[in-house]
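Letter by letter, the chains look like this.
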Amino acid sequence: MSSYPPASPAQPTTLRQRLAGLRGPAVPPRPLDARALAALAANPGCGRRALLDGAGVDKTALATALGAPASFGQSQFAIVRGNSFEAKVKGDGGAELLRLVHAHLAPAAEPPGPGARVPDLTAAGPEGRAARTALALREATAAGRDSGAWTLLDHPMLALEVAGSPAYLEPDAVVVHPDGRWTVVEIKSFPMIDGAADAAKVGAAARQAAVYVLALEKTAEKLPGAEVGHTVLLVCPKDFSNLPAASPVDVRRERSVTRRQLDRLTRVEELAAALPEGLSFDLATRTPEELARAVSAVDAAYAPECLAACELAFHCRDRARAADQVTALGRSVRGELGALTTVGSALAAAAGAGCSEDPTAAALHRAARLRAEALELATVRPPHPAPETPACPC
C-alpha cells in the first residue's frame, strides 16, 4: 500500500490559462483597441482574427515570423504630429475642447467656465483604470446635475466584452455635460479643409468612435439616468494650420452595425476548445513551420478588404490563392458564386462541366456562351468605313 496521499483530481483549465498557453505563458497579452475592434466587427466570420485578438497574440510579430509582414500603419511623423495636436487641444485644462463641445453640441447650456472638472483617472492596471473611470463618470454626472459643472475625462479607460473576452478601450476624451449626457470626442491629425474632412477618414473615425459609444453604454447601464450621446465630436486641424476645428458626427448607424457584428462573433472559448491540445502561437518556442500549422488550424474568412485592416492579411491572401479560393476575389464574388468555392470549379461551370441542377453553374455557363457569341460577332462584323473627307471647295 502506498504511503503517498491519493492524487487530487486534475483541475479544469480556465479560459485565461488556455489563452495564455496559446500566446505563450511568458508573453503579456496585447490589448485590443477600438481600431482593431472596428476591423474585427467588419469581418465577424473570421475565427482566426477573433481567437488571436481574444488571446492577445501580437499579430504583427506573428506575420513577420510567417514571412508575410504587414506594411501598413501610421508613420512615426504622423504619430508625433497627432500627439502634439492633441496636447494643444487639451491644453489649459481642456478649455478649448470644452468650448468646441459647447458650441457644436450644447449651445443652449451654460458655457463651461474655468471651474470645469478634470478628474485624475490614474490607477493600477486596465481593470483599475476602468473602475476609476466608472467612478469618475458617476461623480461627474451627479456634479453636473447638482451644480451645472462640465467635466472632461482625459483618456478614460472603458471595458467591453467581445466574444466572451474583456477588451479595454481608451478614447481620446469623454465630456460630461451639465445635464448628465456623455459625449465621446475623437481627436485626429488629418485636416478639416473648408469645414469638411476626407470622407474615408471620417468614416473610419466614426466606426472607431462607435466602439467607444458601445463601451460607454455598458457603463451607463449601471448608472440610473445616465445618457450616452450618439453624436460624437470630431476635432481636426483647421485647413493647413494647427488650430482646432470640430464637426459633429452621428454614429447611430455605425453603432448599430458594430453591435450587430460583434454579437455575431463566435465566443473565444468555443474557438479555443476546438483546437488540438498543445497548439501554441508562442514565437519564442515555435518554429515558423509550427506557427504556420497553428494558424492554419483556425478557420479564416479572407477578403481583399483585410489588406487595410489586419496584420495577417498577406499570409491569409497567399493561403487563399494557393487553395484556389474565390474569397481572394472579394466578398461580392464569393456571395454570387454560392456553392462554387474555388476558381477552378467556377471556370468549369462556365465551360459547361458544372451540375446542370445548380442555378449558379447554369447562369455562369449561359454568361460564358453569351460572351463567346458577342466576341464572335465582333470579329466577324466588318469595321465601319471611315467617313470620307469632303473635297476642299477651293
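Quick caveat, the model's predicted, so the values are computed rather than measured.

## Topic: the overall build of the chain
Helix and strand counts for the chain stand at 15 helices and 8 strands. Based on the C-alpha atoms only, the size of the chain along its principal axes is roughly 110 × 85 × 40 Å. Looking at the chain as a whole, 41% of its 394 residues are labelled buried. Contacts in the chain between residues at least 24 apart in sequence constitute 64% of all its contacts with a sequence separation of at least 6.

## A look at the state of the cysteines
Each disulfide consists of one covalent bond between the sulfur atoms belonging to two cysteines. Across all of its chains, the model carries 0 disulfides by this definition. No disulfide involves Cys310; its sulfur sits 6.1 Å from the nearest other cysteine sulfur, which is in Cys316.

## Focus: the packing of helix H2 (residues 34-42) against helix H3 (residues 47-55)
In contact at an axis separation of 10 Å, H2 and H3 are set at 155° when each is read in the N-to-C sense. The pairing of H2 with H3 is recorded here as roughly antiparallel in orientation. Where H2 crosses over H3, the handedness of that crossing is left-handed. Across from Ala36, Ala39 and Leu40 in H2, the residues of H3 making contact are Arg49, Ala50 and Asp53. Looking at the contact of H2 with H3, its residues break down into 4 nonpolar, no polar and 2 charged.

## Re the pattern of salt bridges
The tally for this structure, following the rule as stated, stands at 15 salt bridges. For Glu86, the salt bridge identified is with Lys90, shortest N-O distance 2.7 Å. Residue classification places Lys90 among the buried positions, given a relative accessible area of 13%. Note that Arg252 is salt-bridged to Asp250, the shortest N-O span being 2.6 Å.

Conventions used here
- Residues numbered from 1 in each chain as written.
- Predicted model: local features only at pLDDT ≥ 70, side-chain atom pairs only at ≥ 80, totals over all residues.
- Heavy atoms only, no water.
- Helix = DSSP H or I, 4+ residues; strand = E, 2+ residues; numbered from the N terminus.
- Buried < 20%, exposed > 50% of the residue type's maximum accessible area, 1.4 Å probe, protein only.
- Contact = heavy atoms within 4.5 Å.
- Disulfide = S-S within 2.5 Å.
- Axes fitted to C-alpha atoms, helices over the stretch in contact; angles between N-to-C directions.
- Parallel < 35°, antiparallel > 145°, perpendicular 65-115°, else oblique.
- Left-handed = near helix turned anticlockwise from the far one by under 90°.
- Nonpolar A, V, L, I, M, F, W, Y, C, P; charged D, E, K, R; others polar.
- Salt bridge = Lys/Arg side-chain N within 4 Å of Asp/Glu carboxyl O.

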